[in-house]
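# Coordinate analysis (summary)
The lines below spell out each chain.
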Amino acid sequence: MTPPAAAPLTIIGGGMAGLAAAWAAQRAGRAYRLFEAGDQLGGKIQTVRREGFLLERGPDSFLVEKPEGLDLCRELGLEPSFIPSGGERGAAPNVCILFNRELVPLPKGCRLFIPTDPERFRNNRLLSSEGTERALAEIDVPPRPADAPDESVGAFITRRFGSEMLERVAGPVLAGIYGADPFQLSLHASFAKFARLEREHGSLIRALANAAKPVTIPASDGKRQAPFVTLAPGMQSMVDALVPRLTGEIHLQSPVQNLQAYAGSPLVLAVPAAAAANLLASLAPEAAKGLRGLRTATTATVNLAYDLAAIEPPEGFGFMSVLDDPSPLVGCTWVSNKFDQRSPPNGFLARAFVGGQKDGSLLELPDTELSALVHQELARLHPGLKASPRFSLVTRWNQGNPQYDVGHRERIAAIRAHLPAHIYLLGSPYDGVGLSDIIRQANTLFEQP
């Protein structure tokens, strides 16, 4: 997969995918040039500081179990600014599910949504007794054949754990990660590990009960571990640290209209799939057609900053919503509980999510109305938040969330098979939506076969 070294590498797109490709090329000793249509680099990684609050418009942390993002931060000298989830107080990662218009604690004794501790899991308030026992019976559910085709995550979870587990636990968790309908989301593209565990162990409960604990990072007090890490100055500090170290050509406000001028150069298209399709329309029409067939979803992030003296702050890290709950919210993070240094001592920060598989018409509201609606819903769920927020910040990601439908990996392979040999696709539409996934993709561009 390594691009030929005869000509400089041309990278189109200056989001995290393009920057990661530039950094990987630089480490491999390759000349490169990067073109970004806008006036700033980093894509969705945007941090805003206001009145002592630190607000993230896009990603707010790294999942420690996927190390590529943290490894890049270490390369950039950012490890001293790591902040583990839970803060100095060591808050437990308590999360609720919004079900039947009320917040119910996520079942204990689970890893993600897989019950590995039956005794603790049986004490849950979210599933019926029948649904609880059906989920635990997964250990006796036979696996599909090893050569079985891709299936939806919804079908997989229902088959192995039952419909209640999907609707009340796994569905909301997946919506928080992918913003996707579980009955459209590809198992092989999003949770290939689960398909492998089923194939190798016959049961996910059996596999995870005997597996090592999830990878975590020590907190600063050395007494606990945390599954998520953010950066003290905000996620944008990673971009701010990386860009000055890039020695190749960087061209801002330089939209690329066609690829003819770069015919002799290996190309990395690190742009949304629709933009890549437009660039490839005449050069690789079949690939362009496939790219246009990839679905995306529109979402919005709503940051709400409260005066601590005027509210009774909630506990825990936040909540995720059941898909058919009438609430307009996909979920919400109680940011001040999850991470230190996100709000001033007299403040409390919440970050809510709308759109995706929920009511898309809400995204047509003006920012002030959308913020008011979100605040009203948060106050209904937690009456201690009735006081109006000091301010809010709405960020809309128009068609910014790739949807990995069943058959996604095969679809991407077919698209790549129609590309000219010198063109590479890189970014969240293809091989993983997280920051670490994107960085891993960039690193593989220069791995020797």
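Residues numbered from 1 in each chain as written. Predicted model: local features only at pLDDT ≥ 70, side-chain atom pairs only at ≥ 80, totals over all residues. Heavy atoms only, no water.

### Points about the side chain of Ser265
- Residue position: Ser265 is located in the loop between strand S14 (249-251) and strand S15 (267-269).
- If we ignore the near neighbours within four places in the chain, the residues touching Ser265 are Ala7, Pro8, Leu9, Thr10, Arg33 and His422. (Helix = DSSP H or I, 4+ residues; strand = E, 2+ residues; numbered from the N terminus. Contact = heavy atoms within 4.5 Å.)

### What to know about the environment of His408
- Structurally, His408 can be placed in helix H15 (residues 408-417).
- The sequence separation of His408 and Leu187 amounts to 221 residues, and the corresponding C-alpha distance is 9.2 Å.
- Apart from the residues lying within four places of it in its own chain, the contact partners of His408 are Asp150, Ser186, Ala189, Gln403, Pro429 and Tyr430.
- Within the structure, the side chain of His408 is placed 3.0 Å from the backbone oxygen of Tyr430, a separation counted as a polar contact. (Polar contact = N/O pair within 3.5 Å; in protein donor to acceptor, adjacent residues only side chain to side chain.)

### Focus on helix H6 (residues 163-178)
- Here H6 is 16 residues long, yet its end C-alpha atoms lie only 19 Å apart, well below the 22 Å a rise of 1.5 Å per residue gives.
- Where burial is concerned, most of H6 is hidden: 12 out of the 16 residues are buried.
- Every buried residue of H6 is accounted for by Glu164, Met165, Leu166, Arg168, Val169, Ala170, Gly171, Pro172, Val173, Leu174, Ala175 and Tyr178.
- Within two residues after H6, Gly179 carries a phi angle of roughly 60°, on the positive side. (Expected span 1.5 Å × (residues − 1). Buried < 20%, exposed > 50% of the residue type's maximum accessible area, 1.4 Å probe, protein only.)

### Quick look at the pattern of salt bridges
- In this structure the tally under the stated criterion is 22 salt bridges.
- The partner of Arg351 in a salt bridge is Asp60, and the shortest N-O contact between them spans 3.9 Å. Taken together, the positions of Arg351 in strand S19 (residues 347-355) and Asp60 in the loop between strand S4 (53-56) and strand S5 (62-63) put the pair 291 residues apart, joining distant regions of the chain. For the residue pair Arg351 and Asp60, the accessibility class agrees, reading buried in each case.
- Asp437 serves as the salt-bridge partner of Arg440, at 3.0 Å between the closest nitrogen and oxygen. With Arg440 and Asp437 both in helix H16 (residues 435-444), this residue pair falls 3 residues apart, about one helical turn.
- Since its relative accessible area comes to 31%, Arg440 is described here as partly exposed.
- Among the residues examined, Asp437 registers a relative accessible area of 7% and is labelled buried. (Salt bridge = Lys/Arg side-chain N within 4 Å of Asp/Glu carboxyl O.)

### Observations concerning unusual backbone geometry
- One non-glycine residue with positive phi stands out, namely Asn100, at about 55°.
- Summarising the element assignment, Asn100 is placed in the loop between strand S7 (95-99) and strand S8 (102-105).
- Take Asn100: its relative accessible area is 58%, and that puts it in the exposed class.

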